[in-house]
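A closer look at the structure
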Amino acid sequence: MTNTRILQETAVRYFLEVVRRGSITEAALTLNVASSAISRQIARLEDELDTPLFERVSRGMKPNAAGELLAAHALRAQLETERIGNELLALKGLRRGEVKLASTEGFALEFLPRAIEHFRRQHGGIRFHLSVGNAAEVAEAIRAGAVDIGLTFTMAPDRDIKVEYSQSAPILAVVNPQHPLAGRKQVGLSELIGYPLALPQKNITMRRLIDACCSRKNLLLEPALSSDSINALLGFVLATDGVGFSAHLPIRKLIENGALVALPIRDRDMNTLQMEIQSLSGRTLPQAARAFLNTLITLASGDQ
C-alpha cells in the first residue's frame, strides 16, 4: 500500500523541480542542494510508490506516464497550499500578497500596466510579477504553476488551460497618419504587397495566421522587417511608409492619440484571432489573483 505521507515531503518538492528543469543537475543548482541528495529522494519516492517516475534520456530526465500523473497532483497540491497561506494572511488583516502574470508582448505595452495601476489604487499592498513571452511560453508558465494568470492571443484551445475570458481580436493593418492608405475604411491583404511590411516572427501566433491566410490566397508577403518585438514593428511603421499588423488592444492608446491609424482587413480569415485571459484548469486562484482577474475582465470588455 502506498505511503501517502511521502506525497507531502521534501521528495516531492525535489521531484517537481526535476520535472521543471529536465535534469537532476539543473534542479540541484536551482534548489542549492547536492545532486546526490536529489537522486536519493527521487529513488526513495520511486521505491515508496513502487513505480519508476522518469525516463532517462540523452539530455536529462523526462517524466513517464506515472511521473506526469504525480506531477499534476503535486503541483495542484502545492498551489493550493500557497493559496490557503495567502487566504490566512488576508483573514489576519494583512493587506499584502502577489499576483504572478505572463503575457505576450502586446499586453505589456499599455493594457497590463494600466490594469495594475487601476488595481493598486485600492490594493496598494499587492505586488505584481510579469513575464513576457510568446503564446506557447505563456501556456507553459500557466501549466507549470509559475504564474496565476496568462494573457495571450490564440487561434485554438490549449490543454489544461481554462479560458477565464475571451473576445474576438481581428488583425488590423496599421499605418501612420500620413500613409497613402490612412484614409481608407478597410483594405485587403493583396493591397498591402506594394508597401514595406513589418511582420511578427514566424513563431508568433499572429504571424502564423497571416501566413496561413496568404497561403490560401496565393499571396506572398515579404517583410521589410520581422521581429518578436511589437515595439520595433510599431516604431518602423511610425518612421516609414510601412504597414504593420496588430489587434486593437495593444495599440489602443496610439490610435486614440492619433499616432497610428488601424484599418480593418476585409479578408475573413484575419478575423479568427482570439484574445484570452487564462488560468490553470482545476486550480482555485488566490484571492488577490481572483480580484485582479475581475479587474482585467472589466477593462478588457471595455476595450472592444
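Note that the structure is a prediction, hence the values are computed from the model and not measured.

Looking at the environment of Val 243
In this fold, Val 243 is placed in the loop between α9 (230-239) and β10 (244-246). Leaving out residues up to four positions away in the same chain, Val 243 has contacts with Ala 173, Val 174, Val 175, His 179, Leu 192, Tyr 195, Pro 196, Leu 197, Ala 198 and Val 237.

A look at the confidence of the model for the protein chain
Within the protein chain, residue pLDDT values average 87, and 92% of them lie at 70 or more. Confidence drops under a pLDDT of 50 for residues 1-7, and excluding neighbours within four residues, the segment shows 11 contacts in the predicted structure.

Observations regarding the sheet that holds strand β7 (residues 172-175)
If you trace the 3 strands from one edge of the open sheet to the other, you get β10-β7-β11, paired in antiparallel fashion. One side of each edge strand has no neighbouring strand; the edge strands of this open sheet are β10 and β11 (261-264). The mean angle between the axes of side-by-side strands here comes to 40 degrees, regardless of whether they run parallel or antiparallel. The pairing of β7 with β11 spans 4 bridges and is antiparallel. What sits directly across from Val 175, in β11, is Val 261.

Comments concerning the side chain of His 179
Structurally, His 179 can be placed in the loop between β7 and β8 (198-200). Note on His 179: relative accessible area 4%, which makes it buried. Within polar-contact distance, the side chain of His 179 engages the backbone oxygen of Asp 241 at 2.8 Å. Excluding its chain neighbours within four sequence positions, the residues that come into contact with His 179 are Tyr 195, Asp 241, Gly 242 and Val 243.

Observations regarding the nonpolar core
Of all hydrophobic cores here, the largest spans 49 residues; its most connected members are Ile 149, Phe 245 and Phe 292. Broken down by secondary-structure element, the contributors of at least two residues to this core are β3 (97-103), α6 (111-120), β4 (126-132), β5 (149-154), β7, α8 (205-216), β12 (274-280) and α11 (287-301). Discounting residues that sit within four places of it in the chain, Phe 292 has contacts with Val 99, Leu 101, Leu 112, Ala 115, Ile 116, Phe 119, Phe 128 and Ile 149.

Points about the pattern of salt bridges
Side-chain pairing between opposite charges can occur once the charged atoms of the two side chains come close. On inspection of all chains with the given rule, the structure shows 20 salt bridges. For Arg 127, the salt bridge goes to Glu 98, with nearest N and O atoms at 3.2 Å. Within this pair, whereas Arg 127 is found in strand β4, its partner Glu 98 is found in strand β3, the two being separated by 29 residues in sequence. Relative accessible area serves as the criterion here: at 45%, Arg 127 is assigned to the partly exposed category. Relative accessible area serves as the criterion here: at 27%, Glu 98 is assigned to the partly exposed category.

Here's the deal with helix α1 (residues 10-21)
Between its first and last C-alpha, α1 extends 17 Å over 12 residues, near the 16 Å set by a 1.5 Å rise per residue. Listed in full, the buried residues belonging to α1 are Ala 11, Val 12, Tyr 14, Phe 15, Leu 16, Glu 17 and Val 18. Looking one or two residues beyond α1, the residue adopting positive phi is Gly 22, at roughly 85 degrees.

Parameters and conventions
- Residues numbered from 1 in each chain as written.
- Predicted model: local features only at pLDDT ≥ 70, side-chain atom pairs only at ≥ 80, totals over all residues.
- Heavy atoms only, no water.
- Helix = DSSP H or I, 4+ residues; strand = E, 2+ residues; numbered from the N terminus.
- Contact = heavy atoms within 4.5 Å.
- pLDDT = per-residue confidence, 0-100.
- Pairing = 2+ DSSP bridges.
- Axes fitted to C-alpha atoms, helices over the stretch in contact; angles between N-to-C directions.
- Buried < 20%, exposed > 50% of the residue type's maximum accessible area, 1.4 Å probe, protein only.
- Polar contact = N/O pair within 3.5 Å; in protein donor to acceptor, adjacent residues only side chain to side chain.
- Core = buried A, V, L, I, M, F, W, Y, C linked by side-chain atoms within 4.5 Å.
- Salt bridge = Lys/Arg side-chain N within 4 Å of Asp/Glu carboxyl O.
- Expected span 1.5 Å × (residues − 1).

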